[in-house]
Amino acid sequence: MKNIIPILALTLFFSCQNSAQTSKKQEAIINADPIEVPIKNGKAKAYFASGCFWCVEAIYESVKGVDESISGYSGGHTKNPTYASSNTGKTGHAEAVEIIYDPKIVSFETLVDVYFASQNVTQVKGQGNDRGSQYRSILFFQNKAQKQIILKKKEALAKKLNAKIAAEVYPFQKFWVAEEYHQNYERLHPNHPYIQNVSVPRLNRFKAKMPEILKENH
C-alpha cells in the first residue's frame, strides 16, 4: 500500500502537468495573431466549427456563392489531427469546415448569419447528441474586420434571445483536411441513419430560415 500511494501521487502529478501544458498550448492558439488566407482566382475562404462536419458541410454547400465546403479540423494545438485523435478531446481541435466562396455573390457577413441560423446556438460543446470538445462551436476570424462582424452578430443574438451564445471566437491558424471518407458524406451516403435522422433534418431547418440565399437546385 505504501508503494501504491507514491506511484498514484506521481501519476496524478504528471497528469496535472500534462493538462497544464495542454491548456497553455491551447491558450497560445486562442491568443495568436490571425492568419489571413489570400483570395485566389476570385475565391475567398472562411472557417467554421458547428458540431458534426457532415452536417455543416451540406448546409454551406446549399448557399448561393459557395463553391465548395470541405470537412476537416481546426482550433487545436496539435499537428496532423485525425478523426480518431480529435475524438479524444486532447488535441484541442474541433470538427470544422473550410468554405470556398465567391465574395461577389455571398459576403462573409452572410456566412456568419448562416452559421448562427443552422445550429442550436446555446448548446455548449456539441450539437444535439454529438457532444464533446471536438463538436464545440467556433467561428474563426482572419482579420479585425471579420472579428468585429462575428462579435457584433454574437452580441446582437445574445440580446435577442436573452441567452448566452455558446460559440467561441478564435483567430484562424490552420485548417487540416479530414480523411477522404468524410468528404461530401451526406451526398454520398443519403441512406445512412445519421444522415437521414440528424443531418437532413438539420439542413431542412436551416433552409426554412433562410430560403432566399439557397441555390436553385436546393
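How each quantity is defined
- Residue positions are given per chain, counting from 1 as you read along its sequence in written order.
- Restriction of local features to residues with pLDDT of at least 70 applies here, the model being predicted, together with a cutoff of 80 or more for giving and counting side-chain atom pairs; totals for whole chains, interfaces and linings are based on all residues.
- Hydrogens and water molecules were not included; the side-chain quantities draw on all heavy atoms of the structure.
- Here, a salt bridge means any Lys or Arg side-chain nitrogen found within 4 Å of an Asp or Glu carboxyl oxygen.
- The numbering of helices and of strands both runs from the N terminus, where a helix is a DSSP run of H or I of at least 4 residues and a strand a run of E of at least 2.
- Relative accessibility thresholds used throughout: buried, under 20% of the residue-type maximum; exposed, over 50%; partly exposed, between the two (1.4 Å probe, protein chains only).
- Definition used in this section: a nonpolar core is a set of buried Ala, Val, Leu, Ile, Met, Phe, Trp, Tyr and Cys residues joined via side-chain atoms within 4.5 Å.
- We call two residues in contact when some of their heavy atoms are within 4.5 Å.
- Within a predicted model, pLDDT stands for the predictor's per-residue confidence, ranging from 0 to 100.
- Each axis is a line fitted through C-alpha atoms, taken for helices only over the stretch in contact, and angles between the N-to-C directions span 0 to 180 degrees.
- Angle categories are assigned with fixed cut-offs, so that under 35 degrees is roughly parallel, over 145 is roughly antiparallel, 65 to 115 is roughly perpendicular, and the rest are oblique.
- Two helices cross in a left-handed way if the nearer one is turned anticlockwise from the farther one by less than a right angle. They cross in a right-handed way if the turn is clockwise.
- What a helix is expected to span follows from its residue count: subtract one and scale by 1.5 Å.
- Between N or O atoms, a polar contact is any pair within 3.5 Å; within protein, one atom must be a potential hydrogen donor and the other a potential acceptor, and residues adjacent in sequence are included only when both atoms are from side chains.
- Between 30 and 60 degrees the pair is tilted, below 30 it is stacked and above 60 it is edge-to-face, where a pair is any two Phe, Tyr or Trp rings, Trp via its six-membered ring, whose centres lie within 6.5 Å.
- The rule is short: NZ of Lys or CZ of Arg within 6 Å of the ring centre and within 35 degrees of the ring normal puts a charge over the ring.

**Comments concerning the pattern of salt bridges**
Evaluated as defined, the whole model comprises six salt bridges. Of the charged contacts in the structure, one is a salt bridge between Glu168 and Arg136, with a shortest N-O distance of 3.3 Å. Taken together, the residues Glu168 in strand S7 (residues 168-171) and Arg136 in the loop between strand S5 (130-131) and strand S6 (137-141) connect sequence positions 32 residues apart. Taking relative accessible area as the criterion, Glu168 reaches 27% and is therefore assigned partly exposed. Classification of Arg136 by relative accessible area gives buried; the value is 6%. Through salt bridges that share partners, Glu109, Asp113 and Lys153 make up one connected network.

**What about the nonpolar core?**
Counting 42 residues, the largest nonpolar core has Phe48, Tyr60, Ile99, Tyr101, Leu111, Phe116 and Phe206 as the members making the most contacts within it. When residues of this core are traced back to their parent elements, those giving at least two are strand S1 (44-50), helix H2 (53-61), strand S2 (66-74), strand S3 (94-101), helix H4 (108-117), S6, helix H5 (144-161) and helix H7 (193-209). It is H4 that provides the largest number of residues to this core, a total of seven residues. Setting aside its immediate chain neighbours within four residues, Phe206 contacts Ile59, Ser62, Val63, Val114, Ala117, Ser118, Ile213 and Leu214. Ala49, Ile70, Ala94 and Phe175 belong to the second largest nonpolar core, which has 12 residues in total.

**Digging into the confidence of the model for the protein chain**
Across the protein chain, the average pLDDT comes to 90, with 89% of residues at 70 or higher. Taken together, the stretch residues 1-18 has pLDDT below 50 and engages in zero contacts with residues farther than four places along the chain or on a different chain.

**Points about the packing of H2 against H7**
Taken N-terminus to C-terminus, the directions of H2 and H7 make an angle of 40°; their axes are 9 Å apart at the nearest point. Taken together, the axes of H2 and H7 are oblique relative to one another. Taken as a pair, H2 and H7 cross one another with a handedness that is right-handed. Here Trp54, Cys55, Val56, Ala58 and Ile59 of H2 lie close against H7, whose contacting residues are Tyr194, Ile195, Val198, Ser199, Arg202, Leu203 and Phe206.

**A word on H7**
Because an α-helix packs 3.6 residues into every turn, residues spaced three or four apart end up facing the same way. Under the 1.5 Å per step criterion, the end-to-end length of H7 is 24 Å for 17 residues, consistent within 8% with the ideal 24 Å. Each element contacted by the buried residues of H7 is listed here: S1, H2, H4, strand S4 (126-127), S5 and helix H6 (185-188).

**Points about unusual backbone geometry**
Phi at Asn41 takes a positive value of approximately 55°, unusual for a residue other than glycine. With respect to the element layout, Asn41 can be found in the loop between helix H1 (4-30) and S1. Its relative accessible area of 73% is what places Asn41 among the exposed residues. Of note, Asn80 is a non-glycine position whose phi angle comes to about 50°, a positive value. Along the chain, Asn80 turns up in the loop between S2 and helix H3 (83-86). Among the residues examined, Asn80 registers a relative accessible area of 56% and is labelled exposed.

**Looking at the side chain of Gln123**
Residue position: Gln123 is located in the loop between H4 and S4. Here Gly128 takes part through its backbone nitrogen, which lies 2.9 Å from a polar atom of the side chain of Gln123. In this view, Gln123 contacts Gly128, Asp130, Arg131 and Ala166; residues no more than four positions away in its chain are not counted.

**So, the packing of aromatic side chains**
Aromatic rings in a pair are described by how distant their centres are and how their planes are angled relative to each other. Scanning the entire structure with this criterion turns up 12 aromatic pairs. When the centroid spacing of 5.3 Å and the interplanar angle of 80° are considered together, the rings of Tyr115 and Phe116 count as edge-to-face. Here a set of aromatic residues connected by ring pairs shows up, and it is made of Tyr47, Phe140, Tyr170, Phe172 and Phe175. The ring of Trp176 carries Lys174 above its face, with NZ or CZ at 4.7 Å from the centroid.

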